[in-house]
Amino acid sequence: NVSRKVDRDTPWIPGTYCNRNNFNCSTYYAYWGKYMLNTNYTMMSGSELIRRWYADRLFVRPDSGFKEFNGGTYTRDEFVKLNLHPELLVISSPVKKVDKEWRFVVAGNTIVAGSQYLPIETNVNSNAVIEYLQSILNELTWHPDDIYTVDVCFANGSYHVLELSSFSCSNLYGCNLTDVVTTTSNLAINEWND
């Protein structure tokens, strides 16, 4: 992973915005769990999930935000074929249909920029999704990093959080890059000065 190499091999400040442990589901679900689409989830090793498989298809993703495999829907046989390390911690939940998805760049409790990316990539054209995310940010005091991304979806008639990701490892889709660069530059200058 490039961000890990930058942090390990360069003297750059800030280097990356990628607080790895905070982007593990096992960390951020402690704070964001009640807002997640998959509130009814199990967390166990991949080998235990294979042993205890509980539906025809499951949504499965790695605990880590660094994609040892792509999160998605799998049958038991498809999941076995991934040939993952037996101890790899995974999250599983019943499959849900998602109608729309957005990615937001967030600094602290401020939404910096956003973009819809499913079913099409376009500007955020819904005040309701912005208000939904801002209400969560207003309530929470814990943030995974100085700047990060939050994916929000519309499913089953309401908004939900899909995942939090590292800013330095995320696609920004159609986010306003001027706003993102300005905010990130200010964060980097402040970190350098500290």
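The rules behind the values
Residues numbered from 1 in each chain as written. Predicted model: local features only at pLDDT ≥ 70, side-chain atom pairs only at ≥ 80, totals over all residues. Heavy atoms only, no water. Patch = residues over 30% accessible without salt bridge, like charges linked within 9 Å, V, L, I, M, F, W, Y side chains within 5 Å. Areas by Shrake-Rupley, 256 points an atom, 1.4 Å probe, with all protein chains shown as cover. Salt bridge = Lys/Arg side-chain N within 4 Å of Asp/Glu carboxyl O. Helix = DSSP H or I, 4+ residues; strand = E, 2+ residues; numbered from the N terminus. Buried < 20%, exposed > 50% of the residue type's maximum accessible area, 1.4 Å probe, protein only. Expected span 1.5 Å × (residues − 1). Arc of directions from axis to C-beta. Contact = heavy atoms within 4.5 Å. Core = buried A, V, L, I, M, F, W, Y, C linked by side-chain atoms within 4.5 Å. Pairing = 2+ DSSP bridges. Axes fitted to C-alpha atoms, helices over the stretch in contact; angles between N-to-C directions.

Visitor: Explain a nonpolar patch on the surface to me, using residue names and the numbers behind them.
Guide: Taken together, the side chains of Y41, M43 and L89 present a nonpolar region at the surface, about 210 Å² in accessible area. Note on placement: M43 falls in strand β1 (residues 42–45). The class for M43 is partly exposed, based on a relative accessible area of 31%.

Visitor: Can you tell me about helix α5 (residues 127–139), naming the residues and giving the values?
Guide: A rise of 1.5 Å per residue sets the reference length of α5, with its 13 residues, at 18 Å; its end C-alpha atoms lie 18 Å apart and thus fit the reference within 8%. Within the span of α5, buried status applies to V129, Y132, L133, I136 and L137. Down the axis of α5, the buried set is contained in an arc of 130°. They therefore lie on one face. In α5, the exposed positions angled more than 90 degrees off the buried face are occupied by N127, E131 and N138. If you follow the buried residues of α5, they end up packed against α2 (25–32), β5 (100–107), β6 (110–118), β8 (147–155) and β9 (158–166).

Visitor: Lay out the nonpolar core in plain terms, naming residues and giving numbers.
Guide: Within the largest apolar cluster, 24 residues are counted, with the highest numbers of intra-cluster contacts made by W32, L133, V150 and V161. Contributing elements (two or more residues each) for this core: α2, β5, α5, β8 and β9. Among the elements that make up this core, the one with the highest residue count is α5 (5 residues).

Visitor: Requested: an account of the sheet that holds β6, with residues and values cited.
Guide: Reading across the sheet, the 5 strands line up as β7-β6-β5-β8-β9 and stay open at both edges, with antiparallel pairing between neighbours. The open sheet terminates on both sides in strands that have one partner only, identified here as β7 (122–123) and β9. The pairing of β6 with β7 spans 2 bridges and is antiparallel. In the strand pairing of β7, S115 is matched with N123. Its contacts with the sheet place α2 against β8 and β9, and it is angled at close to 140° to β9. Contacting β5, β6 and β8, helix α6 (residues 177–193) runs over the sheet at an angle of about 140° to β6.

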